[in-house]
Amino acid sequence: MRSSIRSSTGNRFGSLASLAFDFVFVCAVLCSVVPAAAATPSALDDAAYAEVNAALVSGHVVPAYETLAATTRALDETTTSYCMGDPDTSMEALQQTFRGTSDAWMGVEHVRFGPAELFMRNLRLNFWPQARGKVSDAIADVLSSDEDLKTKPVSQRSFAVQGLPALEYLVFATADDGLGLTANTPHCDMAQAISGNMRVLAADVLTEWAEGDTAFQQVMMQPGPKNTHYQTPSDVTLVLFRSLHDGLQRVSSLKLRPVLGKDIKTVRPGLGEATLSNRGVDNIRRNIAALESLYLGANEDGLTALTQANTQDTELDALMRKAFRKTRETADSISLSLPLAVKDTDERATLERLSKQVRALRQIVAERLAPALGLSIGFNSLDGD
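Residues numbered from 1 in each chain as written. Predicted model: local features only at pLDDT ≥ 70, side-chain atom pairs only at ≥ 80, totals over all residues. Heavy atoms only, no water.

A. Representation of the packing of helix α13 (residues 316–332) against helix α15 (residues 345–372) within the structure. Relative orientation of the contacting elements α13 and α15 amounts to 160°, with a least axis distance of 10 Å. In this view, α13 runs roughly antiparallel relative to α15, as classed from their interaxial angle. In the crossing of α13 with α15, the sense of the turn from one axis to the other is left-handed. Side by side, α13 and α15 meet where L316, L319, M320, A323, F324, K326, T327, T330 and A331 of the first sit next to T350, R353, L354, Q357, V358, L361, I364, V365, R368, L369 and A372 of the second. Of the residues that constitute the contact of α13 with α15, the class distribution is 13 nonpolar, four polar and three charged. (Axes fitted to C-alpha atoms, helices over the stretch in contact; angles between N-to-C directions. Helix = DSSP H or I, 4+ residues; strand = E, 2+ residues; numbered from the N terminus. Parallel < 35°, antiparallel > 145°, perpendicular 65-115°, else oblique. Left-handed = near helix turned anticlockwise from the far one by under 90°. Contact = heavy atoms within 4.5 Å. Nonpolar A, V, L, I, M, F, W, Y, C, P; charged D, E, K, R; others polar.)

If you want it as structure tokens, here you go:
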């Protein structure tokens, strides 16, 4: 299935209202929005797009990857220290460092193009979602293999043993699960191999984004006939815009709706992200905050600058800001872990409201923000909601 991402129409915005975004102003604005054709952003030119592109790459994308590189380096150092039996490094310290790396990844997960896409590094860093038991089975296969981790490093093995889900399984599984990570064991050797692989992957992505004349940020800053990726500044803006749109859709389609099920009797908590570390809700919060940061920019110089330049849809920027704020507030109000929240009557109602808010925000981005910014987007593999 796929959902339409097309020009504004009365019927479409009427259906948006039925999503019950949980605050009246959304329906009021959506149902009265001017058609996309009338919202042509005449004030936007190549210079306007280029300025926002530069601000987002230097102030949002590269800093997020710097954070990821720093946290994976700390994670590798802590994992090595713990697995070498350092008495000053506890399991609690290792788990906390893992959480920091998870936070950093959620802050850049939406940037799925460029060096992160090359060699499928984004999937290798976070192979999720995957079939039930895929990670644990893959780890078991490696540990029972005749090829040791030096002969065949994890970087040459299944994506299921290369990143966050695999390390989460080793660090957060307990003796009751038949595991329990202890120093100087094959399981710890595996954990060290995974953290080292993540450190290399994150460092390589950052290097290719930021260093040298061929850095990808330079590619994004110099669109033109000789650029094999981007012909115009608006082409660059489009890929950043899609990161916003697709990031919201990822939260809705992969992180919320499968877990919620159709009702409280059909919940599927096992489909949630990072269930062993209870990071499901935290990950969603981090995703939403990162997407809001992409819209606003580090200094009010993100996509919001282009929205404000549109003289036809003058209420859109205020709507976007309020929608993000309300969505964040809903996510922040969830007190239970995701597997427990979906089965709790009150918390489930909050999760359902969050799901509707994220879906509605994504549709505002697709059907109102896109034409206001003079951008046209197609379909992606997550279309269907």
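What follows continues from the structure just given.
B. Focus on the pattern of salt bridges. Here the structure, examined in full by the defined rule, presents 18 salt bridges. Two residues, E77 and R199, come together in a salt bridge whose shortest N-O distance is 4.0 Å. You can see E77 sitting in helix α3 (residues 46–83) and its partner R199 sitting in helix α8 (residues 186–210), a full 122 residues away along the chain. Judged by relative accessible area, E77 falls into the partly exposed class, the value being 45%. With a closest N to O distance of 2.8 Å, R321 and D317 form a salt bridge. (Salt bridge = Lys/Arg side-chain N within 4 Å of Asp/Glu carboxyl O. Buried < 20%, exposed > 50% of the residue type's maximum accessible area, 1.4 Å probe, protein only.)

C. Up close: the state of the cysteines. Enumeration over the complete set of coordinates arrives at one disulfide. In this model, C83 is linked to C188 through a disulfide, with the two sulfur atoms separated by 2.1 Å. Disulfide C83-C188: the torsion about the S-S bond is -80°, which places it as left-handed. Within this pair, whereas C83 is found in helix α3, its partner C188 is found in helix α8, the two being separated by 105 residues in sequence. Owing to a relative accessible area of 0%, C188 belongs among the buried residues under this scheme. (Disulfide = S-S within 2.5 Å.)

D. Structural context of unusual backbone geometry. Here the amide bond leading from W128 into P129 is cis, since omega sits at -5°, within 30 degrees of zero. Looking at the element boundaries, P129 is found in the loop between α5 (121–125) and α6 (134–144). Positioned with a positive phi, M120 is a non-glycine residue whose angle comes to about 55°. Owing to a relative accessible area of 41%, M120 belongs among the partly exposed residues under this scheme. One non-glycine residue, N278, adopts positive backbone phi at about 55°. Along the chain, the position of N278 falls in the loop between α10 (233–260) and α11 (280–296). Owing to a relative accessible area of 44%, N278 belongs among the partly exposed residues under this scheme.

E. Broad picture of the nonpolar core. The biggest cluster of nonpolar side chains holds 100 residues, and the ones touching the most others in it are Y65, W209, M220 and L244. Dropping the residues within four chain positions of it, Y65 is found in contact with V108, V111, A116, V205, L206 and W209. (Core = buried A, V, L, I, M, F, W, Y, C linked by side-chain atoms within 4.5 Å.)

F. Spatial organisation of the side chain of Q95. Within the secondary structure, Q95 is located in helix α4 (residues 91–106). Taking the relative accessible area as the measure of exposure, Q95 reaches 17% and is therefore buried. Excluding residues that lie within four positions of it along the chain, Q95 makes contacts with V171 and F172.

G. Local environment of the side chain of Q162. Here Q162 is to be found in the loop between α6 and α7 (164–172). At 3.4 Å, the side chain of Q162 and the backbone oxygen of S155 are in polar contact. When near neighbours in sequence (up to four residues on either side) are disregarded, Q162 contacts R124, V154, S155, R157, I194, N197, M198 and L201. (Polar contact = N/O pair within 3.5 Å; in protein donor to acceptor, adjacent residues only side chain to side chain.)

H. Broad picture of the environment of D313. Secondary-structure assignment places D313 in the loop between α12 (303–309) and α13. Taking the relative accessible area as the measure of exposure, D313 reaches 7% and is therefore buried. For D313 and P371, which are 58 residues apart along the polypeptide, the C-alpha to C-alpha distance reads 9.9 Å.

I. Spatial organisation of the environment of T330. Residue placement: T330 occurs in helix α13. The exposure class of T330 is buried, given its relative accessible area of 5%. Sequence separation between T330 and Q357 is 27 residues; the distance between their C-alpha atoms is 8.8 Å. Discounting chain neighbours no more than four positions away, the residues touching T330 are T350, R353, L354 and Q357.

J. Fine view of α10. Spanning 28 residues, α10 covers 40 Å between terminal C-alpha atoms, matching the ideal 40 Å at 1.5 Å per step. The element α10 is largely enclosed, with a buried count of 23 among its 28 residues. Just downstream of α10 lies G261, where phi reads positive at about 70°. (Expected span 1.5 Å × (residues − 1).)

K. Local environment of the packing of α10 against α11. Remark: α10 packs on α11, axes separated minimally by 10 Å, with the N-to-C direction vectors making an angle of 165°. Comparing their axes, α11 and α10 come out roughly antiparallel. You can see that α10 and α11 cross each other, and the crossing is left-handed. Together, L240, S243, L244, G247, L248, V251, K255 and L256 of α10 and N283, I284, N287, L291, L294 and Y295 of α11 make up the contact between the two elements. Across the contact of α10 with α11, the residue classes break down as nine nonpolar, four polar and one charged.

L. Inspection of the packing of aromatic side chains at higher detail. Under the definition given, this model contains eight aromatic pairs. Ring centres of F113 and W209 lie 5.8 Å apart, and the angle between their planes is 70°; on these two criteria the pair is classed as edge-to-face. Remark: W209 occurs in helix α8 and F113 occurs in the loop between α4 and α5; sequence separation between them is 96 residues. Each member of the pair, F113 as well as W209, carries the same accessibility label: buried. (Phe/Tyr/Trp six-rings, centres within 6.5 Å; stacked < 30°, edge-to-face > 60°.)

Such coordinate-based values are descriptive only and should not be taken to indicate function.
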